[in-house]
Amino acid sequence: MRFSHEYRDGALGRGLAAELPALVAPGRTYKLMEVCGGHTHAIYRYGIQELLPDGVELVHGPGCPVCVLPMGRVDDAITLAREQDVILACFGDMMRVPGSLGTLLEAKALGADVRMVYSPLDALRIARENPGRQVVFFAIGFETTAPSTALTLRRARDEGIANFSCLCSHVLIEPPLRALLDSPDLTLDGFVGPGHVATVVGAGAFGFIPRDYAKPVVVSGFEPLDVLQSIRMLLAQLASGRCEVEIQYTRVVTWEGNPRALAAMEEVFELREHFEWRGLGSLPRSALRVSEAYSAHDAERRFALPGVQIADPRECQCGEVLRGVIKPWECRVFGTACTPERAIGACMVSPEGACAAYYSYGRHAREPEVV
Amino acid sequence: MSADAAHARKLRIVQAAHSKPGRFRDAHITMAHGAGGSSTQTLIEGLLLPTLQGERLAELADAGTMALAGGTLAISTDSFVVKPIRFPGGSIGELAVNGTVNDLAVCGARACALTLSMILEEGLDAVELRAEVTAVAASAERAEVEVISGDTKVVERGHADGMYICTTGVGLVDARARLSTAGLTPGDHVLVSGPVGSHGMAIMLARGQFSIEAPIESDTAPLWPAVDALLDAAGPDVHCMRDATRGGVASALNELARASLVGVVIHETDVPVEAAVSAAAELLGIDPLYVANEGRLLAFVAPTSAGAALAALRAVPGCERATDIGEVVAEPEGMVLVDPGFGGRRVLDMLAGDPLPRIC
């Protein structure tokens, strides 16, 4: 298929990989964080780690929107679906994420009307087709998906679809990155920057990383050649002592981002004072809520939600995985008590979650045992 | 212990947990239990097998077999609840015949008789019913099998989606066949009889949920001609065949790797997929290897006969794009690996969850 398969060319990939050792200082280790879950997925799917020279290690970042939602938020959605007789529309991944009340998939099996959609516009269509029912779209994601939720809410208002509302759980990329960079237990050498977020916010929005923390960033596409090339660009910056934001994903990303998308977000959302993140705790000004002007379509204002803070299960180490402190396989329940089919933590649910990607794709890499 | 050793040790623990028969601990049935992936497997291994305790059942072949005086009888049964009941390339009536004759075919048996049981919903349009009965008759004629018994039930409106069909088929296992789910042998080549994923993707788009229009048709077809050609070309060197239905090629390979205690390596870039299926799968974020087929088989053939088997398969109408997509290896036991053509390798696990409910 054009425009994607070209970026999966194995011969080109091996060629790129062959250039990497020359950029690596012998004996030095390089910890590079891929921020976005989409990159984590591509890295495991194409076995990219196996192509990297010794000493270059990829650390999985917090950019999986399903993974960073706290359990209390999942409980809110389940309560809405079970007790308020609404049609709850959500992305497929969300249906298997466990809250303290089980999952949305289980709620559905017990009679709740939960429907999987691929786009918020599908949820709006459900509302149009069911005028006698309340339809709530469980909106998740970083700046990547927030504009499509914003446009959907705008359309709901313009068309007067009164039975449609949104449980807004959109989050922002900068606060968790700052939280990671401020934390003492993680040392990183550079970032493979999130390409899809950058299409909206612009590559310039990552300028704080070199400026405030002296780490290089390369905003990357999601095909395996994109990721390999970004790693090469990062290693080249480190080898030559440069530290700046570069764009590898030039076919999509600009420095300024998408002004119309940003304007739609500005109009429809406002900043929350605080938002609870799984693994990172409460981060100030890190998430969006529906603005006053669109309050008629805000599920939080329309329904009474528990809004309770629920601690993660004690055995779950998603927080440490999300902060890149441990690798997925180092979690004490990885692959035994926690599997994609029966997940304890959210990182094991979404294909973009580091644990799910590692479990599904990566768990065969068998190094020889040295005792 | 070094980090690498700790890693290897943990992976062994994980793999041991993964290979254990599933325990059925769910409080309720969810759609995932019907998706043909790991939840279905847990339901079978954790509830059905231990309760029913049949030795032949435990082989988990597509059809059960029993020795009779004149040969070996194969029996298979299948229910069809597909929604919508008509879709590009086929309908529930056609599936109900092909699904069951194919389960027999991949066990080396040509179907000789079918039973047909229909559950109809109050209010079903008689025109629709007539069309499906006609589709059953036409498909049975194409597969050269006779419907010799049947049953009809009607349930109240709202208790069935139009109609459900259950068919049971019997046939005699061909004298050329030496097939077993435990028959995969290191060195065997893995053949697939044509492009994969078309049926499941046709159904998904036919539901009109995604506003994607693409010229994708179900691949539903009887597989006996392909089986016949393979047995003619390679006879006992065909060690196993599987109809890659729910859960797709990936789940079928995992079931067999587990049953035969071998590994399987698939070369992803060799797997045939129709361009439109590949594009739709890409848009929906689904791997075609997990998408259902209703007229595609996997065959595991000894290396000396693999070339002849592939040539014979390609000469069968509808199987022109049959391909050799991988090989059976001794290690890692019970695991399927994919070479994505990019240097590294990845695991190809059973389907987890339920991307596509009610496809057959």
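Residues numbered from 1 in each chain as written. Chains lettered and ligands numbered in written order. Predicted model: local features only at pLDDT ≥ 70, side-chain atom pairs only at ≥ 80, totals over all residues.

Describing the overall build of chain B
A tally of helices and strands in chain B yields 9 helices and 14 strands. Over its C-alpha atoms chain B spans a radius of gyration of 20 Å, differing by no more than 12% from the 21 Å that the globule rule assigns to 360 residues. The buried share of chain B, taken over its 360 residues, is 52%. In chain B, the share of contacts with a sequence separation of at least 24, taken over all contacts with a separation of at least 6, comes to 84%. (Helix = DSSP H or I, 4+ residues; strand = E, 2+ residues; numbered from the N terminus. Rg over C-alpha atoms; globule rule 2.2 N^0.38 Å. Buried ≥ 20, exposed ≤ 12 C-beta atoms within 10 Å, placed from the backbone. Contact = placed C-beta atoms within 7 Å.)

Structural notes on the overall build of chain A
Of the regular secondary structure elements, chain A holds 15 helices and 13 strands. Over its C-alpha trace chain A gives a radius of gyration of 21 Å, about what one expects of a compact globule, namely 21 Å for 371 residues. Each principal axis of the C-alpha distribution contributes one length, and for chain A these read about 65 × 50 × 45 Å. Expressed as a percentage of its 371 residues, the buried residues of chain A come to 55%.

Digging into the interface of chain B and chain A
One frequent convention defines the size of an interface as the accessible area lost when the parts assemble. Chain B puts 38 residues into the contact, and the matching count from chain A is 38 residues. At the level of elements, helix H1 (3–19), helix H2 (38–52), helix H8 (275–284) and strand S14 (346–347) of chain B are the ones that each hand at least two residues to the side of chain B that touches chain A. Considering each element in turn, the side of chain B that touches chain A owes the most residues, 9 residues, to H1(B). Tallied by class, residues from the side of chain B that touches chain A come to 21 nonpolar, 11 polar and 6 charged. (Nonpolar A, V, L, I, M, F, W, Y, C, P; charged D, E, K, R; others polar.)

Looking at the packing of helix H1 (residues 10–19) of chain A against helix H11 (residues 224–240) of chain A
Residues and elements named next belong to chain A. Remark: H1 packs on H11, axes separated minimally by 10 Å, with the N-to-C direction vectors making an angle of 10 degrees. When the axes of H1 and H11 are compared, the pair comes out roughly parallel. Relative to H11, the crossing made by H1 is left-handed. Along the contact surface, H1 presents Leu12, Gly13, Leu16, Ala17 and Glu19, while H11 presents Pro224, Leu225, Leu228, Gln229 and Arg232. Its residues assigned to classes, the contact of H1 with H11 comprises 6 nonpolar, 2 polar and 2 charged. (Axes fitted to C-alpha atoms, helices over the stretch in contact; angles between N-to-C directions. Parallel < 35°, antiparallel > 145°, perpendicular 65-115°, else oblique. Left-handed = near helix turned anticlockwise from the far one by under 90°.)

What about the environment of B:Leu57?
All names here are of chain B. Along the chain, leucine 57 falls in the loop between H2 and strand S1 (64–68). On the basis of neighbour counts, which here come to 13 C-beta atoms within 10 Å, the residue leucine 57 falls in the partly exposed class. When near neighbours in sequence (up to four residues on either side) are disregarded, leucine 57 contacts Leu49, Leu52 and Gly64.

Observations concerning the domain arrangement of chain B
Residue and element names in this part refer to chain B. Domain annotation of chain B identifies domain 1 (60–173) and domain 2 (189–347). In this structure, domain 1 and domain 2 have C-alpha centres spaced 23 Å apart. When the residues that make up the side of domain 1 that touches domain 2 are grouped by side-chain class, the tally is 10 nonpolar, 6 polar and 5 charged. (Domains from an automatic or database assignment.)

Things to note about the packing of helix H3 (residues 92–105) of chain B against helix H4 (residues 126–142) of chain B
How two helices sit against one another is set out by the angle between their axes and by the gap between those axes. All names here are of chain B. With their axes 7 Å apart at the nearest point, H3 and H4 run at an angle of 35 degrees to one another. In the crossing of H3 with H4, the sense of the turn from one axis to the other is right-handed. Between H3 and H4, the contacting residues are Ile92, Gly93, Glu94, Ala96, Val97 and Asn98 on the first element and Glu132, Val133, Ala135, Val136, Ser139 and Ala140 on the second. Considered class by class, the residues forming the contact of H3 with H4 number 7 nonpolar, 3 polar and 2 charged.

Points about the environment of A:Glu292
Residue and element names in this part refer to chain A. Residue position: glutamate 292 is located in the loop between strand S13 (288–290) and helix H13 (299–302). Taking the C-beta count within 10 Å as the criterion, glutamate 292 has 9 such neighbours and is therefore assigned exposed. Expressed as a C-alpha distance, the spacing of glutamate 292 and glutamate 19, which sit 273 residues apart in the sequence, is 53 Å.

Digging into the pairing of strand S7 (residues 163–173) of chain B
Residue and element names in this part refer to chain B. Counting buried positions along S7 gives 8 out of 11 residues, so the element sits mostly inside the fold. Pairing between strand S2 (residues 71–80) and S7: 8 bridges, direction antiparallel. Looking at the pairing, threonine 77 lines up with threonine 168 of S7. Pairing of strand S5 (residues 109–121) with S7, which is carried by 11 bridges, proceeds in the antiparallel orientation. Looking at the pairing, leucine 116 lines up with threonine 167 of S7. (Pairing = 2+ DSSP bridges.)

Focus: the sheet that holds strand S7 (residues 190–194) of chain A
Residue and element names in this part refer to chain A. Overall, parallel pairing links the 5 strands, which are arranged S2-S1-S7-S8-S9 in an open sheet. With one partner strand each, in any of the chains shown, strand S2 (56–63) and strand S9 (245–247) form the two edges of the open sheet. Pairwise comparison of adjacent strand axes, ignoring direction, gives a mean angle of 25 degrees for this sheet.

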